[in-house]
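# Reading the structure
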Amino acid sequence: MLTAATSLIEAKNFETDEALLTGESLPVRKRVDDVFDDNTGPGDRLNVAYSSSTVTKGRAKGIVFATGICTEIGAIASALNKKDSRVRPVKRKENGKAGPHRYLEAYTLTLGDAIGRFLGVNVGTPLQRKLSKLAMLLFGIAVVCAIIVLGANEMRTPKEVIIYAVATGLSMIPASLVVVLTITMAAGTKRMVARNVIVRNLKALEALGAVTDICSDKTGTLTQGKMVARGAWIPGMGTYTVELTSSQPFNPTQGDIRFVKKQPHEIDFRSQSEKDDESTNSKGPITKIQQLLSDSKARLHEFLTIASLANLATVFEKDGDWHARGDPTEIAIQVFASRFGRNRLDVMSGDKPEWKEVAEFPFDSDVKRMSVIMEHATTNEHWAFTKGAVERVIGVCTRYCDNDAADGESSEVEMTDEFRQQILRNMETFASQGLRVLALAGRKLPAGADFTEDTPREQVEKDLTFRGLIGLYDPPRAESAPAVRECHEAGISVHMLTGDHPETAKAIAIEVGILPKRMERVSADVAACMVMTASAFDALSDDEVDKLPVLPLVIARCAPSTKVRMIDALHRRGKFCAMTGDGVNDSPSLKRADVGIAMGESGSDVAKDASDIVLTDDNFASIVAAIEEGRRIFDNIQKFVLHVLAENIAQAGTLLIGLAFKDQSGLSVFPLAPVEIVWIIMVTSGLPDMGLGFERAVPDIMRRPPQNLKTGIFTLEFCVDMVVYGLWIAALCLAAFVLRVYAWGDGSLGERCNEEYSEACETVFKARATTFACLTWFALFLAWELVDMRRSFFRMQPGSTKYFTQWFHDVWRNQFLFWAIVGGFVTLFPVVYIPVLNTKVFKHVGISWEWGIVFIAAGLFFGGVELWKFAKRVYFRRTAKKTTGKQWKDLDIEERVFGDYLSSGYDSSESRLADTGRD
């Protein structure tokens, strides 16, 4: 391992493994004579050997120019260890001087930050900061409520007035909030583990619901990380296209093959759709392997022989599963040959092998070819088989076959410059699909010649006959395209930041849906920004990046610093981004991102330490699952906080308005006893709040825009709902109290009814029990109503055909919430009817016909809440239609996500839709 950054001055077949730094999985061949621009990324500086890289081959000499923190790996460590100072800097003039007022300003701001940290209003997650501010606000309101109670009783301070003031203040304190929040977060992390996501930082749980952009790597995350053969072209024959039908790249029995007697540049690969039938598919019909072999006289057999034998990889079946060993590129070619029954193990092993290896010339990065010399067992003829880079292979080819002639019939013609250009044109066609293209060639060696591994390879790799091209690529995971589409439906943009070639990255991006298919609608300046190289992006200043019409969706040849700059650019545009990474080089970007996502299988320990969540399966679909789970947790936190605060408003409103009820001594008679308030807060509401935290995601949770963390859970809709539900409950509770006292009672409030029970206080005690029963039922019913904040309680599943019974299935689905509400109903009766406990502790007495008031009030509660939800649905539908003519969920996917690219002015409409949410 190298311990310093070295500028090479001499190298002999020198290669280093830079996976720790650049993420490249293959060793990098160094070249001493190359000169690069200053803005060249680390992965492309081939004349430098980096610190912490490992020498895999060769020898070299160089001059050390950086050690320790000054190296590339040191810069990464420095970025990880950088911490923000808690002391505010003094603002100075250009000459470095500062006035006394600047020092006072810095000291004041530093003291303010320290107080904020103590109170929790400027540390922790956004939700934690908002809840800290809410706690301070509610404490202030509780004090004001207590003062109002004292003022209403002319500042007299007998025991019952003090108790009334304490009860009123207590009604504003959400006692169960912290407990329920903690349990909900813990349950959320457990659910994420089941979906292959490990949460390392709790802030990620709330942050995931607000993600607007995902910056993802390609290899192994969006793709399988395993090469497969996608297409092949044989001169004189035609083009073969492999269509994979499973996620088993090593299995040669899976997938279909299309064949057409055309060259690749004559085929329109990108115009195909799922609706095309066999007669209109320009890649040809699906053809069986045996049919293809029988239709070919010799050319296909010769091509497959070279593919199988100029290859050191092996593919084999064991216990029903297919396995492979060797270089990923050679494995892909070997699987292609095995589809046609030309497996290397079959033709070179057994009692009577068909071929025997004589010599091997391994791949050399200077000539970019590898060759083998094979002896045919039957004829004893020696053959040279070669594969490698197209330009290098056709440079040593002098012939090619222009037709499919049978063995013994000559079909070879001289190679011309015109045909070489035709080969390169076909290669570019394959490359435009994101394929890595290799050429295959071979020749029969002269009889009697003695070729060994000591023979100069120039004598072997000459006068070859060109046999064809084969195109390889790392296929996308089967779940990547649906996952990207789901991101688009959720209003999340996906960016691919990869070290691959731009054309390869672009082809994969189009295949999985990261780039729009309707490119004809994209203007030239925008199209130029959609796919960029790291060198082009890094050459721009921050101001120039901000002036780009759009940020790129694909950045190729990406360096670690490029990822950090991309995150900063997204932040300057007000985006909230998640970043994936697996190498040490990704650690700064993982730390800088709002949500850092490390790979569990291929990721380094440094990357995992810098991340917020870890994917145990390295799958992009797991990111989408994590976002869905994050949105569910965010929704559920909003639901139970709304439930708690709406109850607090209801209790405080009931007690404050209840100040108007005064007994014969002029003291206020509370419609709810202090113990009743504590019982509802701690016992009745605690478990239903927890049950709301366990609710599953609503049906359209991934068909609405991301949450806004600036407002958090306290949106305008949330605040209005809180007030409306709280006042509606308070009004019904007060109505029940008034009806029992004045409509069906003697209208007497007695004397000292806040302290003890007497015959004179029977009306008050029964009215108090009626109010307590109403408030208990309302608190329980409100939990069910808040399962969905807009849809009707009786119609939470819009696609269901169970028009009259769907509500029962919905309430039974969350059994924790169901039994919590049932428990709340059951515990109400002992509290109301057990002697002594009811009169001495809860200050009420058992009721009988008063239950009629409770039932009617419950019906009015449901009617009022349902009417309010209906009004909200109508309002949001009309608002959405006024702004864009459509609701968010009804927008076309490409309009929703690629609106910035397809047309101008879309962002403003998107931001307006973000406030309208879902139906």
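Residues numbered from 1 in each chain as written. Predicted model: local features only at pLDDT ≥ 70, side-chain atom pairs only at ≥ 80, totals over all residues. Heavy atoms only, no water.

Scanning the model with the defined rule gives one disulfide in all. Note that C753 is cross-linked by a disulfide to C761, the S-S spacing being 2.0 Å. Every disulfide takes its handedness from the sign of the S-S torsion; for C753 and C761 that torsion is -90°, giving left-handed. The closest cysteine sulfur to the non-disulfide-bonded C215 is located on C577, 5.5 Å from its own sulfur. Not engaged in a disulfide, the cysteine C529 finds its nearest cysteine sulfur in C215; these two sulfurs lie 16 Å apart. (Disulfide = S-S within 2.5 Å.)

What follows deals with the nonpolar core. Counting 172 residues, the largest nonpolar core has F466, L469 and F620 as its most contacted members. Here the element with the most residues in this core is helix α23 (residues 620-657); it accounts for 17 residues. Within the second largest apolar cluster, 32 residues are counted, among which are A229, I306, A307 and I470. (Core = buried A, V, L, I, M, F, W, Y, C linked by side-chain atoms within 4.5 Å. Buried < 20%, exposed > 50% of the residue type's maximum accessible area, 1.4 Å probe, protein only. Helix = DSSP H or I, 4+ residues; strand = E, 2+ residues; numbered from the N terminus.)

With that out of the way, let us pick up the confidence of the model for the protein. Looking at the protein as a whole, its pLDDT mean stands at 83, while 91% of the residues score no less than 70. Low pLDDT, under 50, characterises residues 272-276; the stretch is placed with five contacts to residues that sit more than four places away or in other chains. Across residues 904-919, confidence stays below pLDDT 50; counting only partners more than four residues off in sequence or on other chains, it has 41 contacts. (pLDDT = per-residue confidence, 0-100. Contact = heavy atoms within 4.5 Å.)

A few words now on the sheet that holds strand β24 (residues 613-615). Taking strand neighbours across the sheet as the criterion, the eight strands line up as β5-β24-β23-β22-β6-β19-β21-β20 in an open arrangement whose pairing is mixed. One side of each edge strand has no neighbouring strand; the edge strands of this open sheet are β5 (197-199) and β20 (531-533). Within the sheet, the average angular offset between the axes of one strand and its neighbour, ignoring direction, is 20°. Of the strand pairs in this sheet, strand β6 (residues 213-216) and strand β19 (residues 493-497) are connected by four bridges, and their pairing is parallel. (Pairing = 2+ DSSP bridges. Axes fitted to C-alpha atoms, helices over the stretch in contact; angles between N-to-C directions.)

Before going further, it helps to examine the UniProt feature "domain: Cation-transporting P-type ATPase C-terminal" (unreviewed entry) in the protein. The feature "domain: Cation-transporting P-type ATPase C-terminal" (unreviewed entry), as annotated in UniProt, sits at residues 670-870 in this numbering. Counting secondary structure, residues 670-870 comes out at 61% helix and 0% strand; the distance between its end C-alpha atoms is 34 Å. (UniProt positions renumbered as here; feature names shortened; annotations may be inferred.)

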